[in-house]
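What the coordinates show
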Amino acid sequence: MRLKARTLEALYALFLLLPFLFTLLVFFLYAFLRAAYFSFTDYDLFSPPRFVGVENYLRLFREPLFLTALKHTLAYSLVVTALQTLFALLLAIALNRPLKGITAFRTVYYLPSVISTAAASLLLLWLFQRTGLVNQGLSFLLAHLPHLLSLGLLFLAFQGAQVAWARRRGEGVAFFDPALALLSLPLALLATYALGLFGVIGAQEVRVEIPWLPTTATFLGIPYPLWAIILMNTYTTIPTFMVLFLAGLKGIPQSLYEAAALDGASPWVIFSRITVPLLRPVLFLVVTMGLIGTLQLFDQVLFVGGSGGAPLEATITLAYYVYGNVFPSGAAPRVGLASAAALFLAGLTLLVVLLQRRFGVSERGWAG
């Protein structure tokens, strides 16, 4: 029996799709259905599941740790998504210029995205230890604060004097003219060194030992350890989104920029009226991927909480809450509660993305 060409083509397509369909059915659909079933039961992996209705969902909102995880997850998602989108866009615009050696710059700026999560977490622990580089840097800055203030004031004085002299001769120069700053800066450095040499200003002994990780102290309502994770995650995800923005910038016709320049448009007008509107599809993709990725934060919480000694209440997120209930230390697993939390996280992710698409930036433009 000979098969028709269309039937044979469909069989080939199905054969090529089999690995993806198998993964989708086993690791997504089957897992989702099992989690949905367990979320309505009281199950500890050792006894048969007992149906409890929606008790697990109601119990979630009576647990202080779950509410803390929900607050941390939303705060982390909003802050990281905003920071990584903004800095990735600015970096892409900076690297989209025809500069000499631009390929090398793009490669260097992309390197942080290839760092594994474990390596990035270990680097984070090293930076934010009590005697780590962050505290040492703050100690150095505070110890030499008189020098820094003196340098700044002297620079402004020399720069102001040069600008005043140039304007008196009829030259229209800006206050922060780069050519004049090249002379003002070394003069300010020499004057600051002289003041230190004659004992007018001197370094103080300052030792900063802020416990960034083993603490529950907060800044703007977010615990210090979570801020450390925010900084590290933003640093490692910016390059990936920078590449997406670069691809979008390459698709904007240069004739639009040339026409705007001929009309005398300022850089801000060009950015806000041409670049950002034409990048809306890429912005939608970046914001959506950022929200989905940040709402599922887990591995860095595990590393910082385990190896870094950060309190659970300061770093816990919804994904880690699910893990902690399935694999608790020295207690019976609460699979039903963890399944309810996992489904809540899935629903929350879908809701946030839909709200962002409805009221934020969509693939066709700004919604609302």
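This text goes with the structure placed above it.
The paragraphs below set out a description of the structure included in this document. These figures come from a predicted structure and were not determined experimentally.

Describing the overall build of the protein
- Within the protein one finds 16 helices and 4 strands.
- Its C-alpha atoms give the protein a radius of gyration of 28 Å, clearly above 21 Å, the size a compact globule of 368 residues would have.
- The C-alpha extent of the protein, read off along each of the three principal axes, is 90 × 60 × 40 Å.
- For the protein, the residues scored as buried account for 35% of the 368 residues in total.
- Excluding contacts between residues fewer than 6 apart, the proportion of contacts in the protein whose partners are at least 24 apart in sequence is 69%.
- A total of about 22,300 Å² of accessible surface is found on the protein, and carbon and sulfur atoms cover 71% of it.
- Charge centroids of the protein, computed over 23 positive and 14 negative side chains, lie 8 Å from each other.

Observations concerning the layout of surface pockets
- Of the volumes computed, that of the largest pocket is approximately 400 Å³.
- Lining of the largest pocket is provided by Leu 90, Ile 93, Asn 96, Arg 97, Pro 98, Leu 249, Gln 254, Tyr 257, Pro 267, Ile 270, Phe 271 and Thr 275.
- Broken down by secondary-structure element, the contributors of at least two residues to the lining of the largest pocket are helix H3 (64-94), helix H10 (254-262) and helix H11 (267-278).
- If you tally residues by element for the lining of the largest pocket, the top one is H11, at 4 residues.

Some words on the packing of aromatic side chains
- The tally for this structure, following the rule as stated, stands at 15 aromatic pairs.
- Centroid distance Phe 66 to Tyr 321: 5.4 Å. Interplanar angle 65°. Geometry classified as edge-to-face. Here Phe 66 is found in helix H3, whereas its partner Tyr 321 is found in helix H15 (residues 318-326), with 255 residues between them in sequence.
- The class of Phe 66 is buried, set by a relative accessible area of 0%.
- For Tyr 321, a relative accessible area of 2% gives the class buried.

Thoughts on the environment of Ala 261
- Structurally, the position occupied by Ala 261 is in helix H10.
- Residue classification places Ala 261 among the exposed residues on the basis of a relative accessible area of 51%.
- Considering only alpha carbons, one finds Ala 261 and Ile 210, 51 residues apart in sequence, at a separation of 50 Å.

Observations regarding the nonpolar core
- Formed by 40 residues in total, the largest nonpolar core has its most connected members in Leu 124 and Tyr 321.
- By residue number, the principal contributor to this core is helix H16 (residues 335-359), which donates 7 residues.
- Formed by 22 residues, the second largest nonpolar core is a distinct cluster that contains Phe 241, Leu 246, Leu 283 and Val 286.

Focus: the packing of H3 against helix H12 (residues 280-295)
- Remark: H3 packs on H12, axes separated minimally by 9 Å, with the N-to-C direction vectors making an angle of 145°. With respect to the hand of their crossing, H3 and H12 are arranged in right-handed fashion. The residues of H12 that touch H3, namely those facing Thr 73, Tyr 76, Ser 77, Val 80, Thr 81, Gln 84 and Thr 85, are Leu 283, Val 286, Val 287, Gly 290, Leu 291, Thr 294 and Leu 295.
- When the residues that make up the contact of H3 with H12 are grouped by side-chain class, the tally is 7 nonpolar, 7 polar and no charged.

Digging into the pattern of salt bridges
- The full count for this structure, using the stated rule, is 5 salt bridges.
- Arg 59 is the partner of Glu 63 in a salt bridge, and the nearest nitrogen-oxygen pair spans 4.0 Å.
- For the salt bridge of Arg 207 with Glu 209, the shortest nitrogen-to-oxygen distance reads 3.0 Å.
- Classification of Arg 207 by relative accessible area gives exposed; the value is 70%.

Some points on the side chain of Ser 77
- The residue Ser 77 is located in helix H3 in this model.
- If sequence neighbours within four positions are ignored, Ser 77 has contacts with Leu 291, Thr 294 and Leu 295.

A word on the environment of Gln 204
- Its place among the elements puts Gln 204 in the loop between helix H8 (178-197) and strand S3 (218-219).
- Here the alpha-carbon distance between Gln 204 and Phe 140, two residues 64 residues apart in the chain, equals 9.3 Å.

A word on the side chain of Thr 315
- Within the secondary structure, Thr 315 is located in helix H14 (residues 312-315).
- Within polar-contact distance, the side chain of Thr 315 engages the backbone oxygen of Pro 311 at 3.4 Å.
- Setting aside residues no more than four positions away along its own chain, Thr 315 makes contact with His 72, Pro 225, Leu 226, Ile 229, Val 301, Val 304 and Ala 310.

Here we look at unusual backbone geometry
- The backbone of Leu 45 shows a phi angle near 75°, a positive value even though the residue is not glycine.
- Note on placement: Leu 45 falls in the loop between strand S1 (41-42) and strand S2 (50-51).
- Unlike most non-glycine residues, Leu 220 shows phi in positive territory, near 60°.
- Within the secondary structure layout, Leu 220 lies in the loop between S3 and strand S4 (222-223).

Rules of the game
- Residues numbered from 1 in each chain as written.
- Predicted model: local features only at pLDDT ≥ 70, side-chain atom pairs only at ≥ 80, totals over all residues.
- Heavy atoms only, no water.
- Helix = DSSP H or I, 4+ residues; strand = E, 2+ residues; numbered from the N terminus.
- Rg over C-alpha atoms; globule rule 2.2 N^0.38 Å.
- Buried < 20%, exposed > 50% of the residue type's maximum accessible area, 1.4 Å probe, protein only.
- Contact = heavy atoms within 4.5 Å.
- Areas by Shrake-Rupley, 256 points an atom, 1.4 Å probe, with all protein chains shown as cover.
- Lys, Arg positive; Asp, Glu negative; His and termini not counted.
- Charge placed at Lys NZ, Arg CZ, Asp CG, Glu CD.
- 1 Å grid on protein atoms, 1.4 Å probe; cavity = no way out; pocket = protein on both sides within 12 Å on 5 of 7 lines; lining within 4 Å.
- Points joined across faces, edges and corners; volume = space filled by probe spheres on them.
- Phe/Tyr/Trp six-rings, centres within 6.5 Å; stacked < 30°, edge-to-face > 60°.
- Core = buried A, V, L, I, M, F, W, Y, C linked by side-chain atoms within 4.5 Å.
- Axes fitted to C-alpha atoms, helices over the stretch in contact; angles between N-to-C directions.
- Left-handed = near helix turned anticlockwise from the far one by under 90°.
- Nonpolar A, V, L, I, M, F, W, Y, C, P; charged D, E, K, R; others polar.
- Salt bridge = Lys/Arg side-chain N within 4 Å of Asp/Glu carboxyl O.
- Polar contact = N/O pair within 3.5 Å; in protein donor to acceptor, adjacent residues only side chain to side chain.

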